[in-house]
Amino acid sequence: YSFCTLLPQHKMTMQLEKMGMFGNPSYISIGDEYDKKMITNDRYKGKGFTTTPGRKGQGPEVTFDRRFKSIHEGDKYVDPGTHEKKYRLAQEKRKITADGFKYTSPGKKSCGSGNYFGCFNEQGFPKHETEFEVTKRGELPDRVKSVPKNIVTGVCKKGTFGIADTCIGEPYKYQSDPYNAQHKRTIDEARSATQKHIRHC
């Protein structure tokens, strides 16, 4: 039952007018089935599908066939070096001559790098000159002659910010800065202004 249905008729009318309604409010469940069937969500019926968790470990149980297989399974045993011998014999059969590859004979007269054959002056070629003279045993090397300086510059002043005589020009002079200097300056200006005002009056 609603609140309006429990009141008398005249009070109910006043209450409806106060609430801004044209008539008695009705129930929203009129016409519904007495035993209404609820639709159950598929998530509450059980598992939809399951997956196989990954296998862990390093034994044969983690493989698909549950055993380790060798990549050489089914191969026949061969002595070491047998395949290398067969390959070498197959390469020997491919040779055209018995000696195999034969290098070309050298030229009758050399004319390559480091030789003067074919030049205009074959006999009077320049001799080898050493880059420096090697002192013999017991000899002393020549003394090194001192060479004067080409450019002479002034030594930089050592120091950093705040050290005197490190800047170009005269150094800064010390100036005191008292704690209440601004306050004293304001008082002095006020006094001087007062005295000027008294003189004019």
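Residues numbered from 1 in each chain as written. Predicted model: local features only at pLDDT ≥ 70, side-chain atom pairs only at ≥ 80, totals over all residues. Heavy atoms only, no water.

**Student:** Whenever I open this one, the overall build of the protein chain confuses me. Can you help?
**Tutor:** Looking only at helices and strands, the protein chain has three helices and zero strands in total. Listed by position from the N terminus, the elements making up the protein chain come as α-α-α. With 201 residues in all, the protein chain has 3% of them scored as buried. Contacts spanning at least 24 positions in sequence make up 5% of the contacts within the protein chain whose residues lie at least 6 apart. (Helix = DSSP H or I, 4+ residues; strand = E, 2+ residues; numbered from the N terminus. Buried < 20%, exposed > 50% of the residue type's maximum accessible area, 1.4 Å probe, protein only. Contact = heavy atoms within 4.5 Å.)

**Student:** What's the story with the environment of R185 in this structure? I'm lost.
**Tutor:** When you line up the elements, R185 lands in helix α3 (residues 181-200). Owing to a relative accessible area of 43%, R185 belongs among the partly exposed residues under this scheme. Polar side-chain contacts of R185 include one of 2.7 Å to the side chain of Q182. (Polar contact = N/O pair within 3.5 Å; in protein donor to acceptor, adjacent residues only side chain to side chain.)

**Student:** Whenever I open this one, the pattern of salt bridges confuses me. Can you help?
**Tutor:** Pairing between side chains of opposite charge can happen when the charged atoms of each approach one another. This structure, assessed with the given rule, holds two salt bridges. Residue K95 is joined to E92 by a salt bridge in which the shortest nitrogen-to-oxygen separation is 3.0 Å. Classification of E92 by relative accessible area gives partly exposed; the value is 43%. (Salt bridge = Lys/Arg side-chain N within 4 Å of Asp/Glu carboxyl O.)

**Student:** So what exactly am I meant to see when it comes to the confidence of the model for the protein chain here?
**Tutor:** Note: predicted coordinates in regions of low pLDDT should not be interpreted at a detailed level. When pLDDT is averaged along the protein chain, the result is 76, and 80% of the positions lie at 70 or above. Mean pLDDT across the elements of the protein chain bottoms out in helix α1 (residues 9-19) (68) and peaks in helix α2 (residues 82-93) (90). Under a pLDDT of 50 for its full length, residues 1-5 has, in the predicted model, ten contacts with residues more than four places off or in other chains. (pLDDT = per-residue confidence, 0-100.)

**Student:** Looking at this model, I keep getting lost on α2. Mind explaining?
**Tutor:** Each α-helix winds once per 3.6 residues, and so residues spaced three or four apart point in a common direction. Between its first and last C-alpha, α2 extends 17 Å over twelve residues, near the 16 Å set by a 1.5 Å rise per residue. Counting buried positions over the twelve residues of α2 gives zero, only a small fraction of the element. (Expected span 1.5 Å × (residues − 1).)

**Student:** I keep staring at the environment of E61 and nothing clicks. Help me out?
**Tutor:** Here E61 is to be found in the loop between α1 and α2. E61 gets classed as partly exposed once you look at its relative accessible area, which sits at 43%. The contact partners of E61, leaving out residues within four places of it in the chain, are R55 and R66.

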